[in-house]
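Architecture at a glance
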Amino acid sequence: MEIWINPACSKCRSALSLLDAEGADYTVRRYLEDVPSEDEIRDVLDRLGLEPWDITRPQEDAAKELGMKDWARDESSRDRWVRALSEHPRLIQRPIITAEDGTAVVGRTDEAVRDALSR
């Protein structure tokens with residue numbers, strides 16, 4: 001299992017604490033430093049069963065500067081969103097946990113983290 005985190009994020013720290021408490025075997029990816037490629041983002045989106053706009057943090061300055069709230073949310077716009085997430089990783093919702101079974105969850109709650117642990 002891998003967890004994408006921003007160490008400054010309280011939800012990320014909480015998820016790590018829960019993983020540690022449960023004795024989980026995981027690796028940490030500080031995705032602001034080790035930025036995911038467009039292909040890695042597509043893979044995680046497939047694992048999550050979500051679209052890029054579903055994991056975008058619209059309140060971030062970069063989202064506002066790019067005018068993302070006005071971007072289309074359809075298949076023809078998907079690559080534009082993925083590219084923006086790769087070029088501006090702060091836009092990616094966190095933490096994202098890839099589970100053992102090939103799925104993933106956005107671990108913003110204890111329940112979501114436990115769900116990843118159960119897979």
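Residues numbered from 1 in each chain as written. Predicted model: local features only at pLDDT ≥ 70, side-chain atom pairs only at ≥ 80, totals over all residues. Heavy atoms only, no water.

Note: most peptide bonds trans; most residues except glycine with negative phi. That bond from Arg-94 to Pro-95 is cis: its omega, -10°, falls within 30 degrees of zero. Topologically, Pro-95 is positioned in the loop between helix 4 (78-87) and strand 3 (96-98). (Helix = DSSP H or I, 4+ residues; strand = E, 2+ residues; numbered from the N terminus.)

Turning our attention to the sheet that holds strand 2 (residues 27-30). Pairing is mixed across the open sheet formed by 4 strands, whose spatial order is 2-1-3-4. Of all strands in the sheet, those with a lone pairing partner are strand 2 and strand 4 (104-106), marking the two edges. Shown here is a sheet whose adjacent strand axes are inclined to one another by a mean of 20°, direction ignored. Here strand 1 (residues 2-5) runs beside strand 2; their pairing, made up of 4 bridges, is parallel. Residue pairing for strand 2: Trp-4 is matched across the bridge by Arg-29. Along the sheet, helix 1 (residues 10-21) makes contact with strand 1 and strand 2, crossing strand 1 at roughly 155°. (Pairing = 2+ DSSP bridges. Axes fitted to C-alpha atoms, helices over the stretch in contact; angles between N-to-C directions. Contact = heavy atoms within 4.5 Å.)

Time to look at the packing of helix 1 against helix 5 (residues 110-118). Between helix 1 and helix 5, whose axes approach to 10 Å, the crossing angle comes to 45°. It follows that helix 1 is oblique to helix 5 by the angle criterion. Helix 1 and helix 5 meet at a crossing whose hand is right-handed. Facing helix 1, whose interface residues are Ser-14, Ala-15, Leu-18 and Leu-19, helix 5 presents Asp-110, Val-113, Arg-114 and Leu-117. Residues belonging to the contact of helix 1 with helix 5 are distributed by class as follows: 5 nonpolar, 1 polar and 2 charged. (Parallel < 35°, antiparallel > 145°, perpendicular 65-115°, else oblique. Left-handed = near helix turned anticlockwise from the far one by under 90°. Nonpolar A, V, L, I, M, F, W, Y, C, P; charged D, E, K, R; others polar.)

Once that is clear, we can look at the side chain of Asn-6. By secondary structure assignment, the location of Asn-6 is in the loop between strand 1 and helix 1. Assessed through its relative accessible area of 6%, Asn-6 is described here as buried. Here Ala-8 takes part through its backbone nitrogen, which lies 3.0 Å from a polar atom of the side chain of Asn-6. Asn-6 has contacts with Cys-12, Tyr-31, Leu-32, Arg-90 and Arg-94, leaving out every residue within four places of it along the chain. (Buried < 20%, exposed > 50% of the residue type's maximum accessible area, 1.4 Å probe, protein only. Polar contact = N/O pair within 3.5 Å; in protein donor to acceptor, adjacent residues only side chain to side chain.)

Before going further, it helps to examine the pattern of salt bridges. Pairs can form between side chains of opposite charge once their charged atoms are near each other. Here the structure, examined in full by the defined rule, presents 10 salt bridges. The salt bridge partner of Asp-115 is Arg-119, with a shortest N-O separation of 2.6 Å. The partly exposed category is assigned to Arg-119, whose relative accessible area is 32%. Residues joined by salt bridges that share partners form a network here, namely Glu-38, Asp-39, Arg-42 and Asp-79. (Salt bridge = Lys/Arg side-chain N within 4 Å of Asp/Glu carboxyl O.)

Turning our attention to helix 2 (residues 38-48). Think of an α-helix as turning once every 3.6 residues; residues three or four places apart then point the same way. Here helix 2 has its buried residues at Ile-41, Val-44, Leu-45 and Leu-48. Relative to the axis of helix 2, the buried residues are bounded by an arc of 100° and lie together on one face. In this structure, helix 2 carries Asp-39 and Asp-46 as exposed residues pointing more than 90 degrees from its buried face. For helix 2, the secondary structure elements touched by its buried residues are strand 1, helix 4, strand 3 and strand 4. Once helix 2 finishes, Gly-49 follows within two positions and takes phi at roughly 75°, a positive value. (Arc of directions from axis to C-beta.)

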